[in-house]
Amino acid sequence: MTLDAKIPAGPIEKKWDNHRFSMKLVNPANKRKYHIIVVGTGLAGASAAASLAELGYRVTALSYHESPRRAHSIAAQGGINAPKNYPNDGDSVYRLFYDTVKGGDYRSREANVYRLAQVSNAIIDQCVAQGVPFAREYGGLLDNRSFGGAQVSRTFYARGQTGQQLLLGAYSALMRQVGLGAVKFFERREMLDLVVADGHARGVVARNMVNGRLESYAGDAVILATGGYGNVFFLSTNAKMCNATATWRAHKRGAFFGNPCFTQIHPTCIPVASDHQSKLTLMSESLRNDGRIWVPKAKADKRHPNQIPEEERDYYLERLYPSFGNLVPRDVASRRAKEMCDTGHGVGSTGLAVYLDFADTIKRNGKAWVEEKYGNLFDMYKQITGEDGYTAPMRIYPAVHYTMGGLWVDYNLMSTIPGLFVLGEANFSDHGANRLGASALMQGLADGYFIIPYTIGDYLASTKLPKTDAAGAPFKEAEASVDALTKKLTGVKGSTPVDVLHKELGHIMWEYCGMGRNAAGLKKALTLIPALRARFWKEVAINGPADAFNQELEKAHRLADFLELAELIVRDALMRDESCGGHFREEHQTEEGEAQRNDAKFSFVAAWEFAGAGKTPKLHREPLKFEYVKPSQRSYK
């Protein structure tokens, strides 16, 4: 199969406008004839479902939460990017496009990134109209703050609750359509299979998480907006229910998986405190605006940070990157923090932390000023650590956060399965090998509000789809497949809890495919993961029946997929014999320790095709062409 990204011709600034005009439309009166299934109701899913219903389509939305307000989108704290240039500091659509391509270390599709920058301004207008309480300056204009990887202030924010406030806006739009009857919303349903009929995605099979029954939902197209797969590492900043099952099951039905090894390590997280932790907590990147990051110059310095004089502190990001300082991109800041700790300069009881210090800002602007901008983040830090970030520096360390990889999609956000569209973090995205801060919310809402309403209409208007219903043979086959897998899981009768096996997988992934990767470690992981997977199928303990509320069964389904996905992640990392963004192969770095790409061999999207259980997946390459931002060694000095 030849990958066709369907990138429109013409100048980059006109591609999307020309493409929108050339796409086929569905007559307003005909939209009600079409039924679209949306899986996931976070920012991408809720905005898509609301927008499509507003246009007149019939929509079914599924969520494994009891309310869309529980989606993990609420955890995004710092802000959302848009180049409105309110600060008048030189921002523009082109600059946001440039920063995003550069930040992704030249491993993203130029046309997609430009479109993302192009529609981002409309997102802010949409959200303001919905009542999202963005911070404002004294004169009334929306306020902006800086984020990593940019030298302009383009990030709109609502204190440290931006994701939550944006989700409430999308949730309101969605529930308006639910109230009108245009959207049928089903809570506590988890997608366990994709139904493909005559080569087209026509529905999903989901498990009712309350009573355990399998339910089929038929439609004319399917949208997956189910988030990323960071929990393959067990410890991450993701909520515990975040998983990869929807995208992975779709992958096994024929959707290619793009760039799975591109996982992001966030530099500003609360360090691991115990082997018994189930997750990690993100401290917003926005804190790097006014907080200064440092370590003691002396190794193993155990003094209280307030007792370490200024001349004995190493503000290493400011020293190494004078132009960007503490606002270097996430991958750079994370590697440098690891380097400081690996060389003995780490702080705290474990030595795996660096300081994030607000003393200078409090001295300059006062505590009240800091409280107004970041107060809820300081409160969260104190609740978790018992320490006061106002009187002593916070301790932070990198943690798994976001996944740039995901199901491969073309310019229309359609996967390699016709009729299956993938939005937000679930697709392989626009972020290349490293996502810039405040761009996840931007992409999710761009996909849902301003891209999918056009592209899905073109698909529906161009495709003859025979009638189908959930009682048809393809649905019964999918239900039988899910039922067989469930019986296989519950039939193991082992004694090892799911979380124990998941934690072992996380250790393997973090040790051999985390911030630093090398060929020897990756090859070792490719022996350890299959062995762990074999143990899983012999030892996993699942108590309780399948036809009832059973969270252990839910977790087992997810871990079964993680154990397969983990192997693909490692295989992809081993194949990509270069360093780029969050994918750092220790064999490939500059003399200064920066990521060293190999553009001659690896300037492509790696799209993996499932070849069958136990078989080596097939690699497809989508070449990346850079006409506007020429690849160069990234420098933030």
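That block above? That's the structure.
Criteria and thresholds
Residues numbered from 1 in each chain as written. Predicted model: local features only at pLDDT ≥ 70, side-chain atom pairs only at ≥ 80, totals over all residues. Heavy atoms only, no water. Helix = DSSP H or I, 4+ residues; strand = E, 2+ residues; numbered from the N terminus. Rg over C-alpha atoms; globule rule 2.2 N^0.38 Å. Buried < 20%, exposed > 50% of the residue type's maximum accessible area, 1.4 Å probe, protein only. Expected span 1.5 Å × (residues − 1). Core = buried A, V, L, I, M, F, W, Y, C linked by side-chain atoms within 4.5 Å. Contact = heavy atoms within 4.5 Å. Patch = residues over 30% accessible without salt bridge, like charges linked within 9 Å, V, L, I, M, F, W, Y side chains within 5 Å. Areas by Shrake-Rupley, 256 points an atom, 1.4 Å probe, with all protein chains shown as cover. Salt bridge = Lys/Arg side-chain N within 4 Å of Asp/Glu carboxyl O. Polar contact = N/O pair within 3.5 Å; in protein donor to acceptor, adjacent residues only side chain to side chain. 1 Å grid on protein atoms, 1.4 Å probe; cavity = no way out; pocket = protein on both sides within 12 Å on 5 of 7 lines; lining within 4 Å. Points joined across faces, edges and corners; volume = space filled by probe spheres on them. Nonpolar A, V, L, I, M, F, W, Y, C, P; charged D, E, K, R; others polar. Pairing = 2+ DSSP bridges. Axes fitted to C-alpha atoms, helices over the stretch in contact; angles between N-to-C directions. Phe/Tyr/Trp six-rings, centres within 6.5 Å; stacked < 30°, edge-to-face > 60°. Left-handed = near helix turned anticlockwise from the far one by under 90°.

J.: Explain the overall build of the protein chain here, please?
T.: Counting secondary structure elements, the protein chain contains 17 helices and 21 strands. At 24 Å, the protein chain has a C-alpha radius of gyration in line with the 26 Å of a compact globule built from 637 residues. Based on the C-alpha atoms only, the size of the protein chain along its principal axes is roughly 75 × 60 × 50 Å. Classification of the 637 residues of the protein chain by burial places 61% in the buried group.

J.: What exactly am I supposed to notice about helix α9 (residues 330-342) here?
T.: Given 3.6 residues per helical turn, the α-helix brings residues three or four places apart onto the same face. End to end, α9 covers 18 Å across 13 residues, agreeing with the expected 18 Å (1.5 Å per residue, within 8%). Where burial is concerned, most of α9 is hidden: ten out of the 13 residues are buried.

J.: Sorry, what's going on with the nonpolar core here?
T.: Across soluble globular proteins, you tend to see nonpolar side chains buried next to one another. Core analysis: the largest hydrophobic core is formed by 172 residues, its most contacted members being Ile80, Leu420 and Leu505. Residue contributions to this core peak at 13 residues, all from helix α16 (residues 551-575). Discounting residues that sit within four places of it in the chain, isoleucine 80 has contacts with Ile123, Ile124, Phe134, Arg154, Thr155, Phe156, Thr162, Leu166, Ala438, Leu441, Met442 and Leu445. Judged by nonpolar contacts, the second largest core, of seven residues, contains Val205, Phe475, Ala478 and Val482.

J.: What exactly am I supposed to notice about a nonpolar patch on the surface here?
T.: The grouping of Tyr94, Tyr98 and Tyr628 at the surface amounts to a nonpolar patch, some 260 Å² of accessible area in total. The class of tyrosine 98 is partly exposed, set by a relative accessible area of 34%.

J.: How should I be thinking about the side chain of asparagine 550 in this particular structure?
T.: Structurally, asparagine 550 is set in the loop between β19 (540-541) and α16. For asparagine 550, a relative accessible area of 4% puts it in the buried group. At 3.0 Å, the side chain of asparagine 550 forms a polar contact with the backbone oxygen of asparagine 543. Of note is the side chain of asparagine 550, whose polar atom sits 3.0 Å from the backbone oxygen of proline 545. Not counting chain neighbours up to four residues away, the residues in contact with asparagine 550 comprise Arg207, Ile542, Asn543, Gly544 and Pro545.

J.: Teacher, can you tell me more about the layout of surface pockets here?
T.: Over the atoms rolls a probe the size of a water molecule, and in doing so it shows where empty space is left. One number sums up the size of the second largest pocket: a volume of about 750 Å³. Lining the second largest pocket are 32 residues; nearest its centre among them are Leu235, Val272, Leu352, His507 and Trp510. Broken down by secondary-structure element, the contributors of at least two residues to the lining of the second largest pocket are α9, β15 (394-403) and α14 (498-513). Counting residues per element, the lining of the second largest pocket draws most heavily on α14, at six residues. For the lining of the second largest pocket, the per-class residue count stands at 16 nonpolar, nine polar and seven charged.

J.: Even after reading the chapter, I still don't get the sheet that holds strand β8 (residues 214-218), so can you show me in this structure?
T.: Strand pairs in the sheet, formed through backbone hydrogen bonds, run parallel or antiparallel to each other. A sheet is described by the order of its strands in space; here three strands give the open sequence β6-β7-β8, paired in antiparallel fashion. Each edge of the open sheet is held by one strand with a lone partner, namely β6 (189-197) and β8. This sheet shows a mean twist of 25 degrees between the axes of neighbouring strands, independent of strand direction. Bridging between strand β7 (residues 200-208) and β8 involves five bridges; their strand directions are antiparallel. Each residue of the ladder has a partner; that of glycine 203, found in β8, is alanine 218.

J.: Can you walk me through the pattern of salt bridges in this structure?
T.: Pairing between side chains becomes possible if they bear opposite charge and their charged atoms approach one another. Tallied over the full model, the rule gives 50 salt bridges. Among the salt bridges present, the one from glutamate 318 reaches arginine 292, with a minimum N-O distance of 2.8 Å. With glutamate 318 in helix α8 (residues 316-320) and arginine 292 in strand β12 (residues 292-296), the pair connects residues that are 26 residues apart, well separated along the chain. Of the residues examined, arginine 292 reaches a relative accessible area of 21% and is grouped as partly exposed. Residues glutamate 310 and arginine 313 are paired through a salt bridge, measuring 3.9 Å at the closest nitrogen-oxygen approach. Judged by its relative accessible area of 41%, glutamate 310 falls in the partly exposed class.

J.: What's the story with the packing of aromatic side chains in this structure? I'm lost.
T.: Under the definition given, this model contains 20 aromatic pairs. When the centroid spacing of 5.9 Å and the interplanar angle of 40 degrees are considered together, the rings of phenylalanine 602 and phenylalanine 604 count as tilted. Classification of phenylalanine 604 by relative accessible area gives buried; the value is 5%. Following the ring pairs from residue to residue traces out a cluster consisting of Phe358, Tyr374, Phe378 and Tyr390.

J.: Looking at this model, I keep getting lost on the packing of helix α6 (residues 245-252) against α16. Mind explaining?
T.: Working note: a packed helix pair is described by the angle between its axes plus the distance between those axes. For the pair α6 and α16, interaxial distance at closest approach is 10 Å and the crossing angle is 65 degrees. Handedness of the α6/α16 crossing: left-handed. Touching Thr245, Trp248, Arg249, His251 and Lys252 of α6 are His557, Arg558, Asp561, Glu564, Leu565 and Leu568, all from α16. Residues of the contact of α6 with α16, tallied by class, amount to three nonpolar, three polar and five charged.

J.: Looking at this structure, I do not really get the sheet that holds strand β9 (residues 221-224). What am I missing?
T.: Taken together, five strands build an open sheet; the order of strands is β5-β2-β1-β9-β17 and the sheet is parallel. Each edge of the sheet is formed by a strand with only one pairing partner; in this case those strands are β5 (183-186) and β17 (420-422). Here the average twist between neighbouring strands, direction ignored, is 20 degrees. As judged from the four bridges shared by strand β2 (residues 58-62) and β5, these two strands associate in the parallel manner. Bridge pairing in β5 links threonine 60 to lysine 184.

J.: Is there a simple way to think about unusual backbone geometry in this case?
T.: Both trends apply: most residues other than glycine have a negative phi, and most peptide bonds are in trans. A positive phi is found at asparagine 259, a non-glycine position, where the angle reads about 45 degrees. On the secondary structure map, asparagine 259 appears in the loop between β10 (257-258) and β11 (263-269). The backbone phi angle of leucine 413 is positive, close to 70 degrees, even though this residue is not glycine.

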